[in-house]
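Structural features, examined
Chain by chain, the residues:
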Amino acid sequence: MPKTKGYSMEHKTNRWGWVFVTLSTLLILLFVFYPMIQTLITSMQSGMGSNLSFVGLKNYTRLLGDATFKKALFNTFLYLIIQVPVMIILALLIAVVLNDPKLKFRGVFRTAIFLPCVTSLVAYSLIMKSIFADDGLFNKMLMGLRIISSPIPWVTDPVFAKILIIIAITWRWTGYNMIFYLSGLQNIEPSIYEAADLDGASAFRKFTAITVPMLKPIILFTTITSTSGTLQLFDEVMNITGGGPANATVSISQYIYNLCFKYSPNFGYAAAVSYVVVLIIVILSFIQFKIGGDKREH
Amino acid sequence: MKAKRILAALLGGIMMLSMAACSNDGKNEGSSAGSSQAGEETADSLTIWAWDDTFNVAAAKTAIKYYAEKEPDVKVNVVSMAQDDIIQKLNAALSTGTYDGLPNITLIEDYRIQNFLTSYPGEIKELTGSVDPSKFADYKLKFMTDVDKIYGVPFDSGVTALFYRTDILEEAGYQEDDMEDLTWEKYIEIGKAVKEKTGKAMLTLDPSDIGQIRIMMQSAGEWYVKEDGETVNIKDNQALKDAVAIYKEMVDSGISKQVADWDSFVGAFQKGEVATVPSGCWIASSIRAAEDQNGKWAVAPIPRLGNNEKSVNSSNLGGASWYVLENVKGADTAVKFLAETFASNDDLMNDLVSEISLVSTLKSAGELENYKKENEFFGGQKVFEDFADWTEQIPAVNYGLHTYAVEDIMTEAVQSIVKGADMEKTLQNAQSQAEAAVG
């Protein structure tokens, strides 16, 4: 910084700017980058509890043959591939419907759909678990309507357990994404729709040719946050199925937890697994930027 | 503009407050537990961690009452916490060497203690000299002993028993005599009759918790690891293979009800949906909680593996013991507390028998007055005497370090075998996976 006598207004603001930036930079260094580097170092070590010793890349080679890790990875990607698109499309459709100015009680509907995402993850997981229990509300309802004759084993059957997890996350997060789309929709100039009306475009055509392209940056944003959120999935699996039956629903985050706290604690190997998650999130975000972000450069 | 500033100031204030609150929290926990000041081995207050309010926590509270008569100056608190939370907190704190907020005494499950002793050397206090090994059952001491050094005070027995509903079995045509000295093969046969005549399931099975297989395996003196506690013993473990075959038969024959967790397991027998509960004796307190079933239950020895000559009608499931943390201030006081209570006090044990249905691992427990009482809930049976007899017959095994890591691999293997996968091949796979996990 140039040192001149008597700071001008500009210098003063600059100085304060630096103070603010330094503070947050220091905090990020301390609480984000330092742990990341420390984790990388830990991931090169192995051993039980506090008896860690340096093993180089052995943890990463062990990953290649670890069937439970592969299962956790498979489960997590299954949630991702099915749940994220379903949720994004659902959120988009609901947002478009609720954005219609002619719709009555819009506020009530918006609140109702947004409400799930202010509930605590653990609380809603436990409620989901009780609703979908063998003698829970959902099974009782289906049996009362004579749709099924015996209760669906939502938690003890590997396939239904996965479906249950997907239903739960979708319920919790659809409203959250809907809010982004609603705010995006309000930024679309109404005259564009008017012009389309004059040209005689159908509602579906307006949706695909105007709404979706105009919302592209927001769709990209929600897809990335949902993707990384799903990759870090923990609370729901832990509380609804506990990863069961027999690891059929275990997620990567839960496997990391198990390695640290359920099995013989091996923090080195757990750190290696968490680095795989970091790597996957980086790669996926990169791909999504490449596919969805190119047009924004114009 | 002004509003923004006020908002910023408010936010800043909130942040600072919350930070201050955090650090305060730490201090409070520290002082209540007696923080770690090296060199100070005595303290005037102690903290105990335990799980299960109706069982372990209640036991600790009774022990505190006894100790207060002897040492009124020492204040002892017990904190009730889920077992998983205790494990997680101990792991997090011991691996980083921060002792603030840790308890002086903690309960640790027998399956896990070797793990803690190996993972964190020097953290769990040696109690040799304060605990008389000749007073406790041998199988129990084995978990917490390293050559001659004893690290814990044995507590409850995990001796297994077959709890059964006399009324349901009678309806299916079986008397109490038929339930003695069963084999699992015969048990399944009875189960089929029960299912056919009463429509009720014989037992519950939880696909994520294969305690049933652990019971059968230990009844033949085998475990997931060999005697050294380290060599994985899955693919050539005959007892395990026999156990898995029985498990598959239990599912295939339709005599089992699938449950998902502890609550649904307990709920099933409390609601009268199953005819039997083969489990550890500590489940008695939960069975007795269903007061409407008073007098309808009886207890028989656990069945044995009919195909396996080594298998006996006795095994173990769970069970825990008390440990002192070496580096938390007040370790010596804590040792004294345990020595005066759980390690020696017969009166305390006698009270606990009636209060929480404790099956103690003290050898002298059989002489306790309350042990000889007839139990009204179990149709007048002297259940504690039976438990004590069976405890002596439990085949001792070395649980080693990795029970839960191997168990998780095994739950998957068992489920795929139940679904029809080849047993030899699946166990071979499980063996190599387990070897990688413990290596």
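Within each chain, residues carry numbers counting from 1 in the order of the written sequence. Each chain takes a letter, starting from A, and each ligand takes a number, starting from 1, following the order in which they are written. Owing to the predicted nature of the model, reporting of local features is limited to residues with pLDDT of at least 70; listing and counting of side-chain atom pairs is limited to 80 or more, with chain, interface and lining totals taken over all residues.

In DSSP terms, a helix is any run of H or I states spanning at least four residues, a strand is any run of E spanning at least two, and both are numbered starting from the N terminus. Within chain A, the regular secondary structure consists of 13 helices and two strands. A compact globule built from 298 residues should have a C-alpha radius of gyration of about 19 Å, whereas chain A, at 24 Å, is more than 25% larger. In this scheme every C-beta is placed from the backbone, and a residue whose C-beta has 20 or more other C-beta atoms within 10 Å is buried, one with 12 or fewer is exposed, and one in between is partly exposed. Across the 298 residues that make up chain A, the buried fraction comes to 30%. The long-range share in chain A, meaning contacts at least 24 apart out of those at least 6 apart in sequence, stands at 70%. The globule rule is 2.2 Å times the number of residues to the power 0.38, and the radius of gyration it is compared with is taken over C-alpha atoms. By the criterion used throughout, residues are in contact when their C-beta atoms, derived from the backbone, lie within 7 Å.

On to the domain arrangement of chain B, then. Residue and element names in this part refer to chain B. Residue ranges assigned to each domain were obtained from an automatic or database domain assignment. Looking at chain B, the domain boundaries give domain 1 (40–157 + 318–367) and domain 2 (160–315 + 377–438). Taken over C-alpha atoms, the centre of domain 1 sits 28 Å from the centre of domain 2. Elements supplying a minimum of two residues to the side of domain 1 that touches domain 2: α2 (52–70), α4 (110–119), α5 (138–141) and α13 (346–356). With five residues, α4 is the largest single contributor of residues to the side of domain 1 that touches domain 2. Of the residues contributing to the side of domain 1 that touches domain 2, the split by class is nine nonpolar, nine polar and four charged. Side-chain classes are defined by residue name, with Ala, Val, Leu, Ile, Met, Phe, Trp, Tyr, Cys and Pro counting as nonpolar, Asp, Glu, Lys and Arg as charged, and the others, Gly among them, as polar.

Looking now at the packing of helix α9 (residues 238–252) of chain B against helix α15 (residues 403–418) of chain B. Residues and elements named next belong to chain B. Under this scheme, a helix contributes an axis fitted over its contacting stretch, all axes are lines through C-alpha atoms, and angles between N-to-C directions fall in the 0 to 180 degree range. Between α9 and α15, the shortest axis-to-axis distance is 9 Å and the interhelical angle comes to 55°. Relative to α15, α9 is oriented oblique. Crossing handedness for the pair α9 and α15: right-handed. Here Val 244, Tyr 247, Lys 248 and Val 251 of α9 lie close against α15, whose contacting residues are Val 414, Ile 417 and Val 418. An angle counts as roughly parallel when it lies under 35 degrees, as roughly antiparallel when it exceeds 145, as roughly perpendicular when it falls between 65 and 115, and as oblique in every other case. A clockwise turn of the near helix away from the far one marks a right-handed crossing, whereas an anticlockwise turn of less than a right angle marks a left-handed crossing.

Residues and elements named next belong to chain B. For two strands to pair, DSSP has to find at least two bridges joining them. Strand order in the open sheet formed by five strands is β2-β1-β3-β12-β6, with mixed pairing between adjacent strands. Lying at the two open borders of the sheet, with one neighbouring strand each, are β2 (75–80) and β6 (152–154). Neighbour-to-neighbour, the strand axes of this sheet turn through a mean angle of 25°, independent of strand direction. Here β6 pairs with strand β12 (residues 320–324) via three bridges, running antiparallel. If you follow Pro 154 over to β12, its bridge partner there is Ser 321. Packing against the sheet, α2 makes contact with β1 (45–50), β2, β3 (105–109) and β12, and its axis sits at approximately 175° to β2. In the packing of α4 onto the sheet, contacts are made with β3, β6 and β12, and the angle to β3 comes to roughly 115°.

Moving on, we get to the nonpolar core. Within the largest apolar cluster, 184 residues are counted, with the highest numbers of intra-cluster contacts made by Ala243(B) and Leu338(B). Sorting elements by how many residues they give to this core places helix α3 (residues 67–98) of chain A first, with nine residues. The two domains that each donate at least three residues to this core are domain 1 (40–157 + 318–367) and domain 2 (160–315 + 377–438) of chain B. The contacts of Ala243(B), once residues within four sequence positions are left out, are Ile213(B), Met216(B), Met217(B) and Leu305(B). To count as a nonpolar core, a set of buried Ala, Val, Leu, Ile, Met, Phe, Trp, Tyr and Cys residues must be joined through C-beta atoms within 7 Å.

What follows deals with the interface of chain B and chain A. When the parts of a complex come together, some accessible area is lost, and that lost area is often used as the size of the interface. Taken together, the 25 residues of chain B in the interface contact 25 residues of chain A. Those elements that place two or more of their residues in the side of chain B that touches chain A are α3 (83–96), α4, α15 and α16 (423–438) of chain B. Take the side of chain B that touches chain A: its biggest share by element is seven residues, from α15(B). The residue inventory of the side of chain B that touches chain A, partitioned by class, reads ten nonpolar, twelve polar and three charged.

Residues and elements named next belong to chain B. Of all five residues in β12, five are buried; the element is thus mostly enclosed. Burial along β12 is two-sided: the face carrying Ala 320, Trp 322 and Val 324 and the face carrying Ser 321 and Tyr 323 are both buried. By the bridge criterion, five bridges tie β3 to β12 in an arrangement that is antiparallel. Looking across to β12, one finds that Leu 107 is bridged to Trp 322.

Another aspect to go through is the sheet that holds strand β7 (residues 160–165) of chain B. Residue and element names in this part refer to chain B. Taken in spatial order, the three strands line up as β10-β7-β11 in an open sheet, and their pairing is antiparallel. The open sheet has two free edges, formed respectively by β10 (276–280) and β11 (297–300), since each of these has just one partner strand. The average undirected angle you get between the axes of adjacent strands in this sheet is 25°. Pairing of β7 with β10, which is carried by five bridges, proceeds in the antiparallel orientation. Residue pairing in the sheet places Leu 162 in a bridge with Pro 278 of β10.

On the secondary structure map, Glu392(B) appears in helix α14 (residues 383–393). Taking C-alpha positions, Glu392(B) is 9.1 Å from Val159(B), a pair spaced 233 residues apart along the chain.

Now for helix α12 (residues 252–262) of chain A. Counting buried positions along α12(A) gives nine out of eleven residues, so the element sits mostly inside the fold. Along α12(A), the residues classified as buried are Ile252(A), Ser253(A), Gln254(A), Tyr255(A), Ile256(A), Asn258(A), Leu259(A), Cys260(A) and Lys262(A).

What follows concerns unusual backbone geometry. Of note, the phi angle at Arg146(A) is positive, near 60°, even though the residue is not glycine. By secondary structure assignment, the location of Arg146(A) is in the loop between α6 (137–144) and α7 (158–186). Phi at Asp181(B) takes a positive value of approximately 50°, unusual for a residue other than glycine. Counting through the fold element by element, Asp181(B) comes out in the loop between α6 (166–171) and α7 (184–198).

Looking now at the environment of Ile64(B). All names here are of chain B. Here Ile 64 lies in helix α2. Residue Ile 64 is classed as partly exposed on the basis of its 18 C-beta neighbours within 10 Å. Taking the C-alpha atoms as reference, Ile 64 lies 8.6 Å from Lys 75; in sequence the two are eleven residues apart.

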